[in-house]
Amino acid sequence: MKKDASPSPEVIFQGNPPSIYAEGVSQLMLGFPNSRVMLFSMAARNTEQAGSPTIQNLACELVMPTPVLIDMCKTVLKHAAEASPSLRSGGEQWLEQVNGMLDSLQAQVDG
């Protein structure tokens, strides 16, 4: 049996999905056949009252088949490992810029 060497068909994306900013995972519920991941966009705490709960604003709830969620997690980890060198250098450059701005502001205050 001869394998077909033709390339995969092109994927065309349609639509204009919203961009959602999330700072973390609020809840994760794994199940069959679907799993849910709740992402939050902001956390706040009433610092004036001791023991007050953290308030998380729900950014979105992602519901997907559990095997697809697991595959997505594997893909994210694989890409993070491959991008590790550029992520590290980018983070160092960003930190240098932030520290430079903070030093400049402090010099103005001390001025």
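Keep in mind it's a predicted model, so treat the numbers as computed, not measured. (Residues numbered from 1 in each chain as written. Predicted model: local features only at pLDDT ≥ 70, side-chain atom pairs only at ≥ 80, totals over all residues. Heavy atoms only, no water.)

### Concerning the pattern of salt bridges
Inspection of every chain in the model, using the stated rule, returns 2 salt bridges. A salt bridge links Glu61 to Arg36, with the nearest nitrogen and oxygen atoms 2.9 Å apart. With Glu61 in strand 3 (residues 54-65) and Arg36 in strand 2 (residues 34-45), this residue pair connects regions lying 25 residues apart in the sequence. In this structure, Glu82 and Lys78 form a salt bridge, with 3.7 Å as the shortest nitrogen-oxygen distance. Note that Glu82 and Lys78 are positioned in helix 1 (residues 66-82) at a spacing of 4 residues, about one turn of the helix. (Salt bridge = Lys/Arg side-chain N within 4 Å of Asp/Glu carboxyl O. Helix = DSSP H or I, 4+ residues; strand = E, 2+ residues; numbered from the N terminus.)

### What about the pairing of strand 1 (residues 24-29)?
Judged from the 5 bridges that link them, strand 1 and strand 2 form a sheet pairing that is antiparallel. Along strand 2, the bridge assignment pairs Gly24 with Phe40. Connecting strand 1 to the antiparallel partner strand 2 that follows it, the hairpin turn spans 4 residues. (Pairing = 2+ DSSP bridges.)

### Here we look at the side chain of Ser35
Mapped onto the fold, Ser35 is located in strand 2. Judged by relative accessible area, Ser35 falls into the buried class, the value being 1%. Those residues in contact with Ser35 that lie beyond four places of it in its chain are Met29, Leu30, Leu62, Val63, Met64, Thr66 and Leu69. (Buried < 20%, exposed > 50% of the residue type's maximum accessible area, 1.4 Å probe, protein only. Contact = heavy atoms within 4.5 Å.)

### Comments concerning the sheet that holds strand 3
Here we have 3 strands laid out as an open sheet, ordered 1-2-3, and antiparallel in their pairing. Of all the strands in the sheet, just strand 1 and strand 3 have a single pairing partner and so form its edges. With strand direction ignored, the average angle separating the axes of adjacent strands in the sheet is 25 degrees. Contacting strand 1, strand 2 and strand 3, helix 1 runs over the sheet at an angle of about 110 degrees to strand 3. (Axes fitted to C-alpha atoms, helices over the stretch in contact; angles between N-to-C directions.)

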